[in-house]
Amino acid sequence: VYLGVCRNQPVAVKKILNTTEYEMPKYVQRELDLLQMLHHPNILRLVGAFQTENAVFIVTEHVVKGDMRTILNDQTMTLDWKLRVKIAIDVASA
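The rules behind each value
Residues numbered from 1 in each chain as written. Predicted model: local features only at pLDDT ≥ 70, side-chain atom pairs only at ≥ 80, totals over all residues. Heavy atoms only, no water. Salt bridge = Lys/Arg side-chain N within 4 Å of Asp/Glu carboxyl O. Helix = DSSP H or I, 4+ residues; strand = E, 2+ residues; numbered from the N terminus. Buried < 20%, exposed > 50% of the residue type's maximum accessible area, 1.4 Å probe, protein only. Core = buried A, V, L, I, M, F, W, Y, C linked by side-chain atoms within 4.5 Å. Contact = heavy atoms within 4.5 Å. Phe/Tyr/Trp six-rings, centres within 6.5 Å; stacked < 30°, edge-to-face > 60°. Lys NZ or Arg CZ within 6 Å of the ring centre and 35° of its normal.

A.B. asks: How do you make sense of the pattern of salt bridges when you look at a structure like this?
C.D. replies: Side chains bearing opposite charge may pair, as long as their charged atoms lie close to each other. Per the counting criterion, the structure on display carries 2 salt bridges. Its salt-bridge partner being Glu-31, residue Lys-14 comes within 3.0 Å of it at the nearest N-O pair. Here Lys-14 is found in strand 2 (residues 9–17), whereas its partner Glu-31 is found in helix 1 (residues 24–37), with 17 residues between them in sequence. Taking relative accessible area as the criterion, Lys-14 reaches 28% and is therefore assigned partly exposed. Here Glu-31 falls in the buried class, since its relative accessible area comes to 18%.

This is the structure we're talking about:
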């Protein structure tokens, strides 16, 4: 994932390399369809997408503190129970 700028706003650019896997185009299209349909404060907003010969690029809003997976896998971070419950409620509401 790369950091970019679109209309003077920071964006995240996810690069998905073209492969010969049969399922890959379906996966990419499904991700784009979901991001286009979903509008919720706890879900990334799709800015756009484009394709080159070698890759597909999905552009979303940029999250300053990173993605939830990185935060939860960070062994140096300590999450108190109040924060854990808030995260669980936020995820469930999405």
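A.B. asks: Even after reading the chapter, I still don't get the nonpolar core, so can you show me in this structure?
C.D. replies: As a rule of thumb, soluble globular proteins bury nonpolar side chains together. The biggest cluster of nonpolar side chains holds 8 residues, and these are Ile-16, Met-24, Val-28, Leu-32, Leu-35, Leu-46, Val-56 and Ile-58. At the level of secondary structure, the elements contributing two or more residues to this core comprise helix 1 and strand 4 (55–61). Sort the elements by how many residues they give to this core and helix 1 lands first, with 4 residues. Apart from residues no more than four positions distant in its own chain, Val-56 is found in contact with Lys-14, Lys-15, Ile-16, Asn-18, Val-28, Phe-50 and Gln-51. Counting 5 residues, the second largest nonpolar core, distinct from the first, contains Val-13, Ala-55, Phe-57 and Val-59.

A.B. asks: I keep staring at the packing of aromatic side chains and nothing clicks. Help me out?
C.D. replies: Throughout the structure, instances matching the rule amount to 1 aromatic pair. On the basis of an interplanar angle of 15° and a centroid distance of 4.7 Å, the ring pair of Phe-50 and Phe-57 is categorised as stacked. In this arrangement the basic side chain of Arg-84 is found over the ring face of Trp-81, its NZ or CZ atom lying 4.5 Å from the centre.

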